[in-house]
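The lines below spell out each chain.
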Amino acid sequence: MSDDLWGTDRLDLTAYLERIGVAESPGPSREALEEIYDAHLRTFTFDNIDVLLEQHPGVDLADVQKKFVGRGRGGYCFEHGTLLAAALEQLGFAVERRLARVGDDPTGAGRTHLVAVIDLDGERLLADPGFGLSVWRPIPLVDGAVDQLGGITHRVRWTEHGWALERAKGEGWDLMHTHDEALVVPSDVALGHHYTSTHPTVHFRHRLIVTKLLADRHVSLTHDTVTIRREGEETEHREIGLDEAMAYVDELEVPLTADERVRLRERLDTLERQESR
């Protein structure tokens, strides 16, 4: 697909690489792909804060670049996928954007998740930077492929509904999402974003979700819980209050303005009171 369709030349690649801490512009290789992917995950949070604050700027590359590269903010799948795909394309990688259906019933969900498939020397790799707790390096898009990193194991399977990405849980597997190979264009991404950011039943509008991969742990935050995963240790999961939730927002280095911080606290307090009724 032509890069012109996505306007990837609008991305300031130098500024993006500086933001994620990659020293120089690498050529397309597996090593470079994994370096950029890892740096992206460790730089930007997965979060729905702008949805909760009803101020989401949209998922056009220009808006995502201003938010992520300019401010250092994070976001959700449509933003992560849009930004990473544009950067990889500018670096010479062959990238295909695909939409996925989230959850364990592919027939009961819309295509509301964005992933990227990279074709590198004839091998296809699935990149999923905007799912919160997904693959921490691109995984081969091969039926039965398994990858373990950081104490978390993922598997790819070909199913009657397309490519399924699963995460190991106990003795079994949890289905995270399923993507097909249908053509994806910018309007598809805009429509998916519109649904996930405005529909009254979507969970992004009713709970805080912030996750980030740190040097020694992965943190998943909601307005009333925190989950911390460290390799080789039992997962820590516990309930928290509003003050601690806001403290974790600071610890995860979410760069909010003073006004955004005040409004986020007010919104979380409202969610907390609604759940206590």
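Provided above is the structure to which this section pertains.
Residues numbered from 1 in each chain as written. Predicted model: local features only at pLDDT ≥ 70, side-chain atom pairs only at ≥ 80, totals over all residues. Heavy atoms only, no water.

**Some words on the overall build of the chain**
Counted only if it meets this: A helix here means a DSSP run of H or I that spans at least four residues, while a strand means a run of E at least two residues long, and both kinds are numbered starting from the N terminus. The globule rule is 2.2 Å times the number of residues to the power 0.38, and the radius of gyration it is compared with is taken over C-alpha atoms. Residue exposure (1.4 Å probe, protein chains only): buried if accessible area is under 20% of the type maximum, exposed if over 50%, otherwise partly exposed. Contacts: residue pairs with any heavy atoms within 4.5 Å of one another. Accessible areas in this description were obtained via Shrake-Rupley with a 1.4 Å probe; residue shielding takes into account the shown protein chains only. Under the counting rule used here, the positive set is Lys and Arg, the negative set is Asp and Glu, and His together with the chain ends is not counted. The atom standing in for a charge is NZ when the residue is Lys, CZ when it is Arg, CG when it is Asp and CD when it is Glu.
The helix and strand tally for the chain stands at nine helices and 13 strands. Here the C-alpha atoms of the chain give a radius of gyration of 18 Å, agreeing with the 19 Å that 2.2 N^0.38 yields for 277 residues. Here the chain holds 277 residues, and the buried ones make up 50% of them. Restricting to contacts in the chain with at least 6 residues of sequence separation, those with at least 24 account for 53%. Carbon and sulfur atoms make up 46% of the accessible area of the chain, which totals about 12700 Å². One finds the centroid of the 31 positive side-chain charges in the chain at a distance of 4 Å from the centroid of its 51 negative side-chain charges.

**As for the pairing of strand β13 (residues 236-239)**
Note the threshold: Any two strands between which DSSP finds at least two bridges are classified as paired.
Relative to β13, strand β12 (residues 225-229) runs antiparallel, the two being bridged by four bridges. Note on β13: the bridge partner recorded for Ile228 is Glu236. Turn length for the β12-β13 hairpin, with the two strands adjacent in sequence and antiparallel, is six residues, and the turn residue Gly232 shows positive phi of about 85°.

**Some points on the sheet that holds strand β10 (residues 210-213)**
Each strand in a sheet pairs with its neighbour through backbone hydrogen bonds, running either in the same direction (parallel) or in the opposite one (antiparallel). The test is simple: The angle between two axes is taken between their N-to-C directions and runs from 0 to 180 degrees, where each axis is a line fitted to C-alpha atoms and a helix contributes only its stretch in contact.
Strand order in this open sheet of five strands is β1-β10-β11-β12-β13, and the pairing throughout is antiparallel. Sheet topology places β1 (46-47) and β13 at the edges, where each strand pairs with a single neighbour. Bridging between β1 and β10 involves two bridges; their strand directions are antiparallel. Within β10, the residue paired with Phe46 across the bridge is Thr211. Packing against the sheet, helix α8 (residues 242-251) makes contact with β11 (218-221), β12 and β13, and its axis sits at approximately 135° to β11.

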